[in-house]
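Structural description and commentary
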Amino acid sequence: MTGRDKDSGRAPPTRARQLATEDTFLAAYTRRRAGQKHDLEVLTFRLADEIYGLDISWMREISKLRPITEVPQVPPFLPGIVTLRGTVIPIIDLRRRLLLPAADASGYTRILIVEHQEEPFGLIVDQVLKVVRMVEQQIESAPLPGGIDSDFLAGVARVEEELIVLLNLPTVVTFALEVASR
Amino acid sequence: MSSGTDKALNEFLSEAQEIVETLNRNLLALDEQRAAGRMSDPELINDSFRAVHSLKGLSGLFGLTQTSDLAHTLENLLDAIRLGKLHPRPDTFDLLFEAVELFGRALAAAADGGDLEHAQVADYLSRLQVASAPEAPEEVDDDGFGGYQFEASLLSVLTEYEEHRLRENIRMGAVIYRLNGKFDLMAIDKGIESIKERVKPVGEILTYLPSGEGTDPSTLELDILVASHEPLKKLREVVEGTSVTVDPVPRSGREPDRTAAPATRTPTRARPPEPVQAPASARRASPTAQESSPSRAEPRQEVAEEMTTLRSVSQTVRVDIRKLDALMNAVGELGLVHTGLLSLLERIATSKLVEETQTLRHEVRSLERKLTELQNGILEVRMVPLRQVFDKLSRVVRKVSRSMNKQIRLDISGADTELDKLIVEELSDPLMHIIRNSIDHGIESEVERVSAGKPEVGTISVRAMQQGNRVIVSVADDGHGIDEKAIAETATRLGLVDEASIQEMSRRDLLNLLFLPGMSTREEATEISGRGVGLDVVKTNIANLSGIIDVSSTPGVGTQVTMTLPITLAIIQAIIVRVAGRTYALPLNGVVESLMITPSEIRTIEGREVISLRRQTLRLARVKDIFRLRDLAPSDGAVPPTGSRGVELPGGFPADALPSTSPDGEPYLYVVVVGIAQHRLGLVVDELVGQQDIVIKPLGRALSSLRGVAGATELGGQKTVLVLDVPGMVEAALARGGTAEAA
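For clarity, every value in this text was computed on a predicted model and none was experimentally measured.

**Considerations on the overall build of chain B**
A tally of regular secondary structure across chain B gives 23 helices and 22 strands. Within chain B, residue pairs in contact and separated by at least 24 positions form 71% of the contacts whose partners lie at least 6 positions apart. Total accessible area on chain B stands at roughly 36,700 Å², and carbon and sulfur atoms take up 52% of it.

Have a look at this one:
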């Protein structure tokens, strides 16, 4: 990481260069498997103007956006389902889930396929960034971005001058459906 | 946890499950023999003993101490029974069946990585120990061999069990024969098995003993001791065509058969050639075997056992159903590839590559054929006979009827009818529930039955049969039937239906009120059927299997519950429909017919839309309203799904030629009439697209509570569509109707 990176803030061209591809993600994952020890490895991604992160042990894969089949009578943050290699995966629009302003999909939009209690979920994010390693001490329960339900947050980490909002997957993917009244 | 351990655990569970099922089956057969006053089949007892013995070994291996203890104590009891030291009574069987249940619980616990609690087994074990105490041995004056002259060398190699069976057979007046034959070592398991099969109908094989000089290393000569009530001639007949000879064992005080060659050879334990001995000695070095019969191990019997085991292993493979699901998934995806190829074919059909197009078409066709073959093959593998569930039922009937003090005969037919493994599993609880209800509420007490002029023993008949691609399972009792007035009263009292609708209901409608949620009549609840969980749960279970449940009853004569189930859920036929720009699949097995109507045919009664169909009023429900769908912009998802290939829909419309407006310019609507039991509902959709085989996939836990949706399926081109849950929709519509809410 160079100083120039820090200075350039979140200007898209720089960001594009450090965009994590599926390959870099995989490479990081493999390294972890090989036993290099870090307290925590986090896949970072962009949502609105913030950087968020999820512990990569929850990650299964990253998928390009694909046609989503609408499911009736579900909360607005559930746009529907996709089928990935024969498995039905409910999709969560993470912007809506976190009550961030909605936005149209772009070429960078991805679905993070995650797993919680052996059930897969897909999270729509604006852009996948990279895998960041951090130690526990870097994580604070410090100022939270406005409006986000703190139940969804696992903490905030400062890594190389950047603030990463760490999400708590279990609460993000746990929700009740309104059961249609009889 | 490593996946290796998981795999081992899964294998343990499935093997143990199988053993417990066998044990249960054997015990039931034995109990039946006992009840009928017949001799118990020693083979069944011995098999049960072996089953428990294996369970002990297996559970010990997995550190399930409590389970292993249970098996150990049970083994002692069965050992005492098989050695004739203990004669089982009805309460002995109660204990044995209780053990089967405990094993079931143990396996459930093991699946979660646990074991039985000590408290769960302690009391049982102490009762079991009391029951296993051998009875005082009967006084026997002689050696119990009834004058047969057995060489000391022979007696010394018999196991305690074999010796017991020998004495027992002689006591019962059987004649002892010695069969001798040479068996090719390479195929010795087959050779022995074939002799076993021939001899079994006429007698009991007591032991196999190697004999002869062992001059030919590629063969093994065996003496087989057989006890039979048949004459020598008959035994010679059954082994005709084999190299095996039959001679009676000489007996003092009787005229020996003139034709019999004197049996001079002394059977020896001597050197069975390597290949046979190796597996025998390598067999689970069981300290357990020694515990159970402390005086000696049972190497000889184990040779035979080992042989049969080898044989069965080579013919069946246990497969985790999830592996089959994965294969099915793969087939489903191949189907999508096939669809892709077809559309490619259509696109290049107009090109100049005439020859190549033809070749491709040919290849695609043979792909299709093989795919169908593969699909059918996998479906077939998933099929298991209903016997698995029916066997469990016998146990329940036995237990419940004993505790209710009612005599009940369970009459089962069609146990060989096959269904998808998953359906069979899911059927177990509903069936159990229905049977308990029958015993508890259906069958009258003995006194009542006699005064009603019925036989004191009540009968519950469970029948299964296949009809096309469905299986019908019915449970009928000859009890006092259901009083529909009482049902109507309860339902109105509980506010589930209003008086007015009760008036309109047929007797059958009234009976089916039983399946309404909340219909459990608490005051009737007993420990047995615990009406708290009502029949609505049964209905939900059956509906989840895309099944239909119906009840009929004649007062004083009995009640019959009928379940109609699809043979498999893995692949089903569905109608593809379009509603408000979305595509859905409707399982065909809930569809009665489909109609084309114009909006002017729709009338409104009490705020509900209906049409007249063959003089009957048919309730309509618009899928668009049920799901509260907004209209999509025309560009959204307007791609018609694949799969419409001019298939005839029920109702007789060729699917690809459906007009969208009538001659008067009115837009047509399509009504798919669906039904569960006697309920009919017309689902209004915009378009009928076609009919297609689909693989239903579950939506996963997060979306499992979604109403009206049974799952999802892929139609090709990354297009996932929802599969509608017909029973759920009918129920929802009926429930809405009950509160007279306008749609």
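Next comes the rest of the description.
**As for the pattern of salt bridges**
Residue and element names in this part refer to chain B. Following the criterion strictly, the structure yields 35 salt bridges over all chains and no others. As a salt-bridge pair, Arg-171 and Glu-168 come within 2.8 Å of each other at their nearest N and O atoms. With Arg-171 and Glu-168 both in helix H7 (residues 160-171) and three residues apart, this pair spans about one turn of that helix. Judged by its relative accessible area of 17%, Glu-168 is buried. Taken together, the shared-partner salt bridges connect Asp-31, Arg-34, Asp-94, Arg-398 and Arg-402 into one network.

**A word on the interface of chain A and chain B**
With 26 residues of chain A at the interface, the matching set in chain B holds 26 residues. Buried area between chain A and chain B, both sides added, is near 2,400 Å², and the carbon and sulfur share of it is 55%. Linking chain A with chain B are one salt bridge. Glu-70 of chain A serves as the salt-bridge partner of Arg-582 of chain B, at 2.6 Å between the closest nitrogen and oxygen. Linking chain A to chain B there are six residue pairs in polar contact (both at pLDDT 80 or more). Where the side of chain A that touches chain B is concerned, the elements lending two or more residues are strand E4 (80-84), strand E5 (87-93) and strand E7 (119-125) of chain A.

**A word on helix H15 (residues 387-404) of chain B**
An α-helix turns once per 3.6 residues; consequently, residues spaced three or four apart project the same way. Taking 1.5 Å of rise per residue, the 18 residues of H15 of chain B would be expected to cover 26 Å, and the 25 Å separating its terminal C-alpha atoms lies within 8% of that figure. Phi turns positive one or two residues past the end of H15 of chain B, at Asn-405 of chain B, with a value near 60°.

**A closer look at the pairing of strand E20 (residues 687-694) of chain B**
Residues and elements named next belong to chain B. In terms of burial, E20 is largely enclosed, as six of its eight residues are buried. In this structure, strand E12 (residues 572-579) lies alongside E20, joined through seven bridges in antiparallel fashion. Looking at E20, one finds that Ile-572 is bridged to Ile-694.

**What to know about the confidence of the model for chain A**
Detail in the predicted coordinates should be disregarded across regions flagged by low pLDDT. Residues and elements named next belong to chain A. Of the residues in chain A, 71% reach a pLDDT of 70 or more, and the chain-wide mean stands at 77. Considering only residues more than four positions removed or in separate chains, one finds that residues 1-20, a stretch of pLDDT under 50, has 26 contacts. Counting contacts from residues 31-36, a segment whose pLDDT is below 50, to residues more than four positions away or on other chains yields five contacts.

**Focus: the sheet that holds E7 of chain A**
Note: strands within a sheet are paired through backbone hydrogen bonds, in either parallel or antiparallel orientation. Residues and elements named next belong to chain A. Spatially, E3-E6-E7-E5-E4 is the arrangement adopted by the five strands of the open sheet, whose pairing is mixed. Sheet topology places strand E3 (59-64) and E4 at the edges, where each strand pairs with a single neighbour. Direction aside, the axes of adjacent strands within the sheet are offset by 35° on average. Taken together, the five bridges between E3 and strand E6 (residues 110-116) define a ladder with antiparallel strand orientation. Counterpart to Lys-64 in the pairing with E6 is Arg-110.

Rules of the game
Residues numbered from 1 in each chain as written. Chains lettered and ligands numbered in written order. Predicted model: local features only at pLDDT ≥ 70, side-chain atom pairs only at ≥ 80, totals over all residues. Heavy atoms only, no water. Helix = DSSP H or I, 4+ residues; strand = E, 2+ residues; numbered from the N terminus. Contact = heavy atoms within 4.5 Å. Areas by Shrake-Rupley, 256 points an atom, 1.4 Å probe, with all protein chains shown as cover. Salt bridge = Lys/Arg side-chain N within 4 Å of Asp/Glu carboxyl O. Buried < 20%, exposed > 50% of the residue type's maximum accessible area, 1.4 Å probe, protein only. Buried area = accessible area lost by both parts, 1.4 Å probe. Polar contact = N/O pair within 3.5 Å; in protein donor to acceptor, adjacent residues only side chain to side chain. Expected span 1.5 Å × (residues − 1). Pairing = 2+ DSSP bridges. pLDDT = per-residue confidence, 0-100. Axes fitted to C-alpha atoms, helices over the stretch in contact; angles between N-to-C directions.

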